[in-house]
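Residue-level structure breakdown
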Amino acid sequence: MTTEILEAIHSEVYGVWFLIGAALVFWMQAGFAMCEAGFTRAKNSGNIIMKNLMDFCIGTVMWFICGASLMLGENMLGGFAGKFSFDVFSSYGSFDYSAFVFNLVFCATTATIVSGSMAERTKFSSYCIYSAVISAIIYPIEAHWTWGGGFLAEWGFHDYAGSTCIHMVGGICALIGAWMLGPRIGKFVKDKDGKVTKVNAFPGHNLVVAALGVFILWLGWYGFNGAAATDVETLGSVFLTTTVAPAVATVVCMIFTWVKYGKPDVSMCLNASLAGLVAITAPCDVTDCAGAAIIGVVAGLLVVFGVWFTDNVVHVDDPVGAVAVHMFNGIWGTIAVGLFATETAPGFALAGINEGLFYGGGFTQLVKQLGGMAVTIAWTVVTIIITYSLIKKFNGLRVSEEEEIIGLDRTEHGLTSAYAGFSIMDISNTMTMDVNENTSLGSDVYEEASEAAKDAAVKVVNAFPATGISKVVIISRLSRYDTLRKAMNELGVTGMTVTQVMGCGIQKGAGEKYRGVEVDATLLPKVKVEVVVSKIPVQAVIDAAKKALFTGHIGDGKIFVYPVEKVVKIRTGEEDYDALQDVE
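Fair warning: this is a prediction, and the values are worked out from it, not measured in the lab. (Residues numbered from 1 in each chain as written. Predicted model: local features only at pLDDT ≥ 70, side-chain atom pairs only at ≥ 80, totals over all residues. Heavy atoms only, no water.)

**Concerning the sheet that holds strand E6 (residues 497-503)**
Quick reminder of the rule: Here, strands pair whenever DSSP counts at least two bridges between them. Starting at the N terminus, helices and strands are each numbered in turn, a helix being any DSSP run of H or I of at least four residues and a strand any DSSP run of E of at least two. Only the contacting stretch of a helix is used when fitting its axis, a line to C-alpha atoms as for every element, and angles between N-to-C directions run 0 to 180 degrees. By the convention used here, residues are in contact when the closest approach between their heavy atoms is within 4.5 Å.
Strand order in the open sheet formed by four strands is E6-E9-E5-E10, with antiparallel pairing between adjacent strands. Looking at strand neighbours, the two that pair on one side only are E6 and strand E10 (558-564), the edges of this open sheet. With strand direction ignored, the average angle separating the axes of adjacent strands in the sheet is 25 degrees. Direction of pairing for E6 relative to strand E9 (residues 524-533): antiparallel, over a ladder of seven bridges. Its bridge partner being in E9, Met502 is matched across the sheet by Pro525. Most of the contacts of helix H18 (residues 481-491) go to E9, to which it runs at about 10 degrees, and overall it touches strand E5 (469-477), E6 and E9. This element, helix H19 (residues 538-549), spans E5, E9 and E10 of the sheet and lies at about 5 degrees to E5.

**Structural notes on helix H5 (residues 124-147)**
Selection rule: Two axes enter the bend calculation: one fitted to the seven residues ending at the residue in question, the other to the seven starting there, and the bend is the angle between them. Think of it in three bands: residues with accessible area under 20% of the maximum for their type are buried, residues over 50% are exposed, and the middle band is partly exposed, with areas taken using a 1.4 Å probe on protein chains only.
Of all the bends in H5, the largest measures some 45 degrees and sits at Ile134. Most of H5 is tucked away, with 19 of its 24 residues classed as buried. The positive-phi residue at the C-terminal boundary of H5 is Gly149, with phi of around 85 degrees.

**Some thoughts on unusual backbone geometry**
In this structure, Leu77 takes a positive phi of about 55 degrees despite not being glycine. When you line up the elements, Leu77 lands in the loop between strand E1 (75-76) and strand E2 (81-82). Given a relative accessible area of 66%, Leu77 falls into the exposed group. The residue Asp576 is not glycine, and still its phi comes out positive at about 50 degrees. Its location among the elements puts Asp576 in helix H20 (residues 576-579). With relative accessibility at 18%, the residue Asp576 sits in the buried group.

**Overview of the packing of aromatic side chains**
Using the following cut-off: In summary, the pairing rule links any two rings of Phe, Tyr or Trp, Trp by its six-membered ring, whose centres are within 6.5 Å, and it sorts them by plane angle into stacked for under 30 degrees, edge-to-face for over 60 and tilted for everything else.
For the structure on display, the rule yields 25 aromatic pairs. A centroid spacing of 5.6 Å and a plane angle of 80 degrees characterise the contact between Phe80 and Trp379, whose relative ring orientation is edge-to-face. Of this pair, Phe80 sits in the loop between E1 and E2 while Trp379 is found in helix H14 (residues 364-394), placing the two residues 299 residues apart along the sequence. Exposure remark for Trp379: the relative accessible area of 15% places this residue in the buried category.

Dropping the structure here:
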C-alpha cells in the first residue's frame, strides 16, 4: 500500500513538473523576441515583437487543427506520420491535455527560430503563412518520426529535447528563407561583376535587451531539456549538462574572439551561450560532465565559424546569427550523441541506445544519428523550398525597398515607432561614401601646408572675402537617402553631414491608428543632407539631387544653397578651397 502511494505521489509530482517545464518553454518566446529585437534595428522592433507573438498564436491554431494529430497520432504510412483525429474536440474528457500543451510549445519554438534570419525585410503576411505551414505540417511530421513513435524512434535515433527536430529544422528553414529573400539593403557591397567585395556590419540597436533575451532563454532551457525527466537523478544530470555546455561555449567564444579580434565580442558571446544550449539539447540525458564540456568547446568555436560562413562564403544575411546558433549547432548536438553517450549518465538506460564512439560503443549510434539527421534534413529542405516558392509566387516574400528603408514598424503596422518619445539614429554601415574615379583627396600631411595656412588656425580674421564655396542642404524622404548618397558619391562628393529629422507642413501625413485611435501624423521622418562644395559645381549637385529624389509626389523634398564665407581645417590649418579637398 505504501509503495502504491509513493508511486502515485511520484507520478503526480513529475506530472506537475512536466507542465511547469512546458510553461518555461513558452516563456522562451519572450527570450526569442528580446534577442531578435535587440540584435536588429529599432525601426523594426514592433514588427519583430508582433511576429514572435503570432508564432505562438498561429502555431496554437494549427496545432489543434492538424499538427497535434500528425505528431502524436497512431502511426500511418509506415510511421511517416500520425493519423488525423479530432479527439481534442470529440473526446475531451479522456484527452491527454499535458502532452498536447507540452508538444505545442516546442512546435512554436521551431517557427520562431526562422524569424530572426529573415528579419527586417519580410512581408508580415508572408511570415504568417510560412509560420502556419511549419507548425501544421513540416514540424509535426518530422517530430513524429522521433518522438511520436515513428520510424526513426524504432530505428534507435536519439534526440532527447530537439537538437535535430527543433533547432536544426528551424535553422535550415532560416537559412533557405534568408537565401531566397536576399540580404538587407547595404549588407553586401558588390563590384561591377556582382562579386561581393565587402560585408557591412548592422549593429543591433539594444544589446541590453538581447542579453536579457539570452538569460530568459537559458532559464527556459532547463524546462526545454528537463521537463521530460521522470526521476531526480536524470533531472539533476540534465540540469548539470544544460549548465556546463553553454557556460564552456561562452568562455571559449570570449577567448577566441579576444585573440582573433583584439577584444571580446559581446554579441558573439551571447550567441555562443545559445549555441552551447542548442548543442547539448540532444545528448543532455545521455552524456556526462566531461562530454558536456567538450560539446561546449566545439559549440563556442562553431558559432563563430557559422557567422563567418554565412557572411563571407554563402553571403546569406542572417541578422541574429540563427543559422550559426541553431542549424550548425543542432547538427553538432545530434552528432554528439553518437560520440559522447555513456552508460554512466542516469538517463542512458531509459534512452535505449548504444554508447558513443568516445566511450567504447563504436560507430553504431553515430551511424544512426547521421542517418536520422539526413532524413530530417531532406524532408525539411524539400518542404520549406516548396513553401517559400509558393508564397513568393502568389504573395511575395519581401517588402519594397522604400518600405525596408523606412522600417517595417511604420509600413507594415502603422507604428510611428516602437520607442515613441525617443530619437533613434540608424548607425549601420550603409551611410558611408566610397572612393571612385571622380574623387579628389587633398593632402593630409600638416608639413605640406603653407606657413600662412598653418598660422590660420590661430590668427584673427576680420573680413571674409568671397570664397566660391557653397553649402547645399537637401531635405527629402528618409527612404530616398540611399539613392541620394549614391548620386553624390558618383559625382565625386566624399563627405556629407547626414541627420535624421522630422518635418511638418500644411500637407499632413496619412493618419495611422494606435489602439484604434488615429495618430495625427503631422511630423514625418525626413533626412537632411548637407554638402559643402567648391570644385564641384553647385548646379551639378542640384541636378544630381533632383534626379535622385524626384518621384512627382508631395514630399520629394527641397534643396537650399548658401554661400560659405570661411572654411578652416583644424587639423592642418588649411583654409577655404584647400580645406575641402578631402571632404567634398
